[in-house]
Amino acid sequence: MIGFVLMEGEPAYSEKRRFYQGQIDRLRAGGQAAGLYEFSDDARHLPGDGAIAVFDVACRKFLRRHLDERQIPHAPIIWNPYIFFQTDHHWIRTSDLVVSALAPGRESGRMLQKLALGKSVETLRISAEYLDFNPSARNIVDHLQVSRIGCFGGSQFAIDFIKGILTRGWPELAECEWVDLDAEALEEWRDRLVGCDVLISLRGLCGSALPLLDAMASDIVVAGMHGGGLRDVACPENGIWINSATLETVAEELSDGLLRLAADPVWHRQLIDRAFETAIENSVDATFGDNLEVWKRLTERALSA
Amino acid sequence: MVQIVYATVKNLDQPIGGVIVQAAHVASLRRAGFDAKIASSYEGGLPPWVDQDAVFENSNQLAIGPGDILVLHDSLPRHTFDRVMSMPVRRVFFCQNHYFLGGTLQPHERLSDFPIDAFLCVSEPIAAHLRDAHGVADPFVIRPAIRPAIGPADEKKIQVCYMPRKRMIEFGSVMYGLRYLYPHIAGTPFVSIHNRHPNDVAAIMAESAVFLSLSRNEGLGLPPLEAMAAGCVVVGYHGGGGLDYATAANGRWYDEATPDNLVHLLAETILSLRADPNAFSGLVEAGRQTVAGYTDQAMDDALLDFWRSFL
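Computed from a predicted model, the values in this text were never measured in an experiment. (Residues numbered from 1 in each chain as written. Chains lettered and ligands numbered in written order. Predicted model: local features only at pLDDT ≥ 70, side-chain atom pairs only at ≥ 80, totals over all residues.)

Asker: Any details on the overall build of chain A? Residues and values, ideally.
Answerer: The number of helices and strands found in chain A is eleven helices and eleven strands. The C-alpha atoms of chain A give a radius of gyration of 21 Å, which matches the 19 Å a tight globule of 305 residues would have. Counting only C-alpha atoms and orienting by the principal axes, one finds that chain A spans roughly 65 × 40 × 35 Å. The proportion of buried residues among the 305 residues of chain A is 48%. (Helix = DSSP H or I, 4+ residues; strand = E, 2+ residues; numbered from the N terminus. Rg over C-alpha atoms; globule rule 2.2 N^0.38 Å. Buried ≥ 20, exposed ≤ 12 C-beta atoms within 10 Å, placed from the backbone.)

Dropping the structure here:
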C-alpha cells in the first residue's frame, strides 16, 4: 500500500496533489492499494499498518514524528532539490524507517545519487493528467498568432520589467494582452491558460514543471525559464528556453522569440508540435511504467525492513 | 541660491545603500558650495549611517519654489510621482535601480514622456535601459565610490566570503554541492558579510582569497567591486547592473538560469588557488584596475561636471 501524504498549505500543493492522484489512479487500476492522505497533525489521517508513506522531504516535523511513532516506513520525495539542503534532511540517513529517497526526474536523480545520502535514491518521473487533454481530438489551429501572453512565476517587478521592455520596444508586442497565470486552484489555472498563445515562464528553481507541461500539451508555446524542472527534456525544438540570470538578456531573447513566432508560422508550428510530443512522452501514461517499478521496489523494501 | 533637493524614502531607520549614495551626492555638492539637501518625511533627522556633511530637511516643512531642483528617486509611489510632475520646479531623475521602475510606470509609459529635465544614473546598464526602453537621449552616469579597501593580507586564506541575502537558494546549492561533490575541499571556510559592520566587511575581504558574488537585479552592485579592491577572486553573478564593470578579465562571472554549474566554477577556482596561490594574479590585478573608476574623486568629478553644466 502506497500512502501519499499531503499537508494543507505546503509549497506546490496543487502540483503534488495532481501527481499523487495520477499515481493512485493507475496503481489502483493495476490492483495495487494506494491512497491520498490529507494530514493535519491528526494521526488518524495517516496510512495504516503495512503501508509506505510518501511525502515531501520538506514536510513539517510533526508528520515524521507521527510516522515514527506508528513505525510506518517512508520514502520522502525531494520535491525541490534546490532547497533540499536548507531543510532538515539528516533523518534520511539516520532513520531506519526511511526505505529510499525519491528524486523528481532523471537529472535530479543523478545529482542526488552523488550526494551520499545514506539511502538509495530512486528516480520518479513527475507528471499528471493534463488539463482537458484529448490527443485524438486535438484541434489544430491554422492561424497561429501571438496576441495573448500568459505570464507564470517570477516576482512582480521582474514581470513588470520584462513586460515594459517588450511593450515599449516593439509595436508588434505592444498590443498583446497579458494574463497573470499564477493561480493555485486548478480550475482558475485552466481558465486563465485557455486562449493563451504563449506562456512566458519566469519560474523559480524547482524540481517539477507540471504547469509548463500543461501548456505544451495545450499547444501553447512555452518561453522563458523552466527553473530546473524540465532540465531532462527542454531543448530548442520544444520551447524558447532561456538560460540566463540577467533580466535584460531574458527580455531580449523573449522578444526575439516572440517576434519570430509571429513572423515564422512554420517554426511556430514546429515548436508547438514538438512541445506536444514532449508532453506526450512525459504524460502520466507514458511515465507510469517507470514509476511502477519504483513503487514495487519500495514496497519490497518496506516488507523486508 | 538654487536649492538642489534629493527626495528620499520615508523610512530611514536602517541603512539603505541608495540613500547612502544620495547623501554622498549632497555632501559632495555642499563641499563644492551648492545649496544641496536630502529631504524625507522621516522624523529622525539625518541618519548616522550617511555622510554627515549632508544636510537633512523634513519634506513636510521644506519650502521649494520655481527655479529649485527636485532630484527624484526610482522608487516613488505613483501618486507622489504624479504630484511632483505638476509642481513648478525643475526635475532631475536619479535612477539607482532600473529593475524597479515598473513599480511606478505602466508598461507603455516612458520616462521621456514626462517633464523631467535631466537623468542621472549609477551605471552604464541603467543608462542603456533609460536610452533603449525609455527614450532618454542623454542619461548621465555618476558612479558611486566604494569604501577604501584594507590592503589585502600578505597571504590570503583560501576562504570564501559572500553576501547571501539575494540568492539564498543558490548559495545553499553551491555550499552543499561543494560538501558532497568535492569532499576534499569541503572544509574551505565560508564567511558571510551580511549585517556586518563595514570595517568588519573590509577585514574579511582582505583576508579572503575568494568572493562568491550572489548579486541579483542590481543597479550596479558594490560588494563585488569592494572585493576586487581587496584583492579577491570574484566568482558568481554580476546581477545585471554589474555589467558596468564585469568582464572576463576581472572576474569568473556566471550567468545561467540555474545554479547547477556554479559549484563547479567555484570548486575549480578553489582547487586552482590551492595548487598555486597566484593562479589568478592577472584577474586580481584587472580587478584592482577596474575599481579605480569608483573612487570619491571620480564620483565628485562626474557629479560636479553634471551639476555645473545643468545649472
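Asker: Before we move on, can you summarise the overall build of chain B with the specific residues and values?
Answerer: A count of helices and strands for chain B gives nine helices and twelve strands. Radius of gyration (C-alpha) of chain B: 21 Å, near the 19 Å computed for a compact globule of 311 residues. Across its three principal directions, the C-alpha atoms of chain B cover 65 × 40 × 35 Å. For chain B, long-range pairs separated by at least 24 residues make up 65% of all intrachain contacts whose partners lie at least 6 apart in sequence. (Contact = placed C-beta atoms within 7 Å.)

Asker: Can you lay out the domain arrangement of chain B for me, pointing to particular residues and giving the numbers?
Answerer: Residues and elements named next belong to chain B. In terms of domain boundaries, chain B breaks down into domain 1 (3–145 + 295–310) and domain 2 (157–291). Centre-to-centre separation of domain 1 and domain 2, based on C-alpha positions: 31 Å. Of the residues forming the side of domain 1 that touches domain 2, the biggest block, three residues, is contributed by helix α3 (residues 124–134). (Domains from an automatic or database assignment.)

Asker: Describe in detail the pairing of strand β2 (residues 34–39) of chain A, supporting the description with residues and values.
Answerer: Residues and elements named next belong to chain A. Of the pairings in the sheet, the one linking strand β1 (residues 2–7) to β2 comprises six bridges and is parallel in character. Looking at the pairing, Gly3 lines up with Gly35 of β2. Read as a crossover between parallel neighbours, the route from β1 over helix α1 (residues 13–29) to β2 is right-handed. (Pairing = 2+ DSSP bridges. Right-handed = clockwise from strand over helix to strand, strands pointing away.)

Asker: Go over the pairing of strand β2 (residues 35–40) of chain B with me, naming the residues and quoting the values.
Answerer: Residues and elements named next belong to chain B. Across the six residues that make up β2, a large majority, five, are buried. Pairing analysis gives five bridges linking strand β1 (residues 3–7) to β2, with the strands arranged parallel. Within the sheet, the bridge partner assigned to Val5 lies in β2 and is Lys37. One crossover worth recording links β1 to the parallel β2 by way of helix α1 (residues 17–31), and it is right-handed.

Asker: So what's going on with the sheet that holds strand β7 (residues 140–141) of chain B? Residues and values would help.
Answerer: Residues and elements named next belong to chain B. With parallel pairing, the seven strands of this open sheet are ordered in space as β3-β2-β1-β4-β5-β6-β7. Of all strands in the sheet, those with a lone pairing partner are β3 (56–58) and β7, marking the two edges. Relative to strand β5 (residues 90–95), strand β4 (residues 69–72) runs parallel, the two being bridged by four bridges. Within the sheet, the bridge partner assigned to Ile69 lies in β5 and is Arg90.

Asker: Explain the environment of Leu266(B) residue by residue, including any values.
Answerer: Here Leu266(B) is to be found in helix α7 (residues 262–275). Leu266(B) has contacts with Val174(B), Leu178(B), Leu212(B) and Val235(B), leaving out every residue within four places of it along the chain.

Asker: How would you explain α7(B) if you had to name every residue and give the values?
Answerer: Residues and elements named next belong to chain B. In this model, α7 (14 residues) spans 20 Å end to end at C-alpha, consistent with the 20 Å of a helix rising 1.5 Å per residue. For α7, the full list of buried residues reads Leu262, Val263, Leu266, Ala267, Thr269 and Ile270. Angular distribution of buried residues about the axis of α7 spans 160 degrees; they occupy a single face of the element. Each element contacted by the buried residues of α7 is listed here: β8 (157–162), α4 (168–181), β10 (208–214), β11 (233–237) and β12 (252–253). (Expected span 1.5 Å × (residues − 1). Arc of directions from axis to C-beta.)

Asker: How would you sum up α3(B)? Please name residues and give values.
Answerer: Those residues of α3(B) lying buried are Pro125(B), Ile126(B), Ala127(B), His129(B), Leu130(B), Ala133(B) and His134(B). For α3(B), the secondary structure elements touched by its buried residues are α5 (156–169) of chain A together with β5, β6 (118–121) and β7 of chain B. With its phi angle positive at about 65 degrees, Gly135(B) sits one or two positions after the end of α3(B).

Asker: Which residues make up the packing of α1(B) against helix α9 (residues 296–310) of chain B, and what values do they have?
Answerer: All names here are of chain B. α9 packs onto α1 with a crossing angle of 70 degrees between their chain directions and a minimal axis gap of 10 Å. In terms of axis orientation, α1 runs roughly perpendicular to α9. Contact residues: α1 offers Ala24, His25, Ser28 and Leu29, while α9 offers Met299, Asp300, Leu303 and Trp307. A class-by-class count of the residues in the contact of α1 with α9 yields five nonpolar, two polar and one charged. (Axes fitted to C-alpha atoms, helices over the stretch in contact; angles between N-to-C directions. Parallel < 35°, antiparallel > 145°, perpendicular 65-115°, else oblique. Nonpolar A, V, L, I, M, F, W, Y, C, P; charged D, E, K, R; others polar.)

Asker: Describe the domain arrangement of chain A, listing the residues and the values that go with them.
Answerer: All names here are of chain A. With domains assigned, chain A is organised as domain 1 (2–125 + 284–304) and domain 2 (135–281). Between domain 1 and domain 2, the C-alpha centre-to-centre distance is 30 Å. With 16 residues of domain 1 at the contact, the number on the domain 2 side is twelve residues. For the side of domain 1 that touches domain 2, the secondary structure elements donating two or more residues are α1 and α4 (106–113).

Asker: Explain unusual backbone geometry to me, and be specific about the residues and the numbers.
Answerer: For residues that are not glycine, phi is negative in most cases, and the peptide bond is trans in most cases. Even without being a glycine, Gln71(A) presents a positive backbone phi close to 55 degrees. Turning to its location among the elements, Gln71(A) is positioned in the loop between α2 (61–69) and β4 (74–77). Not every positive phi belongs to a glycine, and Asn217(B) is a case in point at roughly 50 degrees. The buried category is assigned to Asn217(B), around which 21 C-beta atoms lie within 10 Å.

Asker: Give a description of the confidence of the model for chain A that names residues and reports values.
Answerer: Across chain A, the average pLDDT comes to 92, with 98% of residues at 70 or higher. Ranking the helices and strands of chain A by mean pLDDT puts strand β11 (residues 240–241) of chain A first, with 98, and helix α7 (residues 186–193) of chain A last, with 88. (pLDDT = per-residue confidence, 0-100.)

Asker: Can you break down the confidence of the model for chain B residue by residue, with the values?
Answerer: Per-residue pLDDT for chain B has a mean of 95; in total, 100% of the residues score no lower than 70. The ipTM value of the predicted complex is 0.94, and its pTM value is 0.93.

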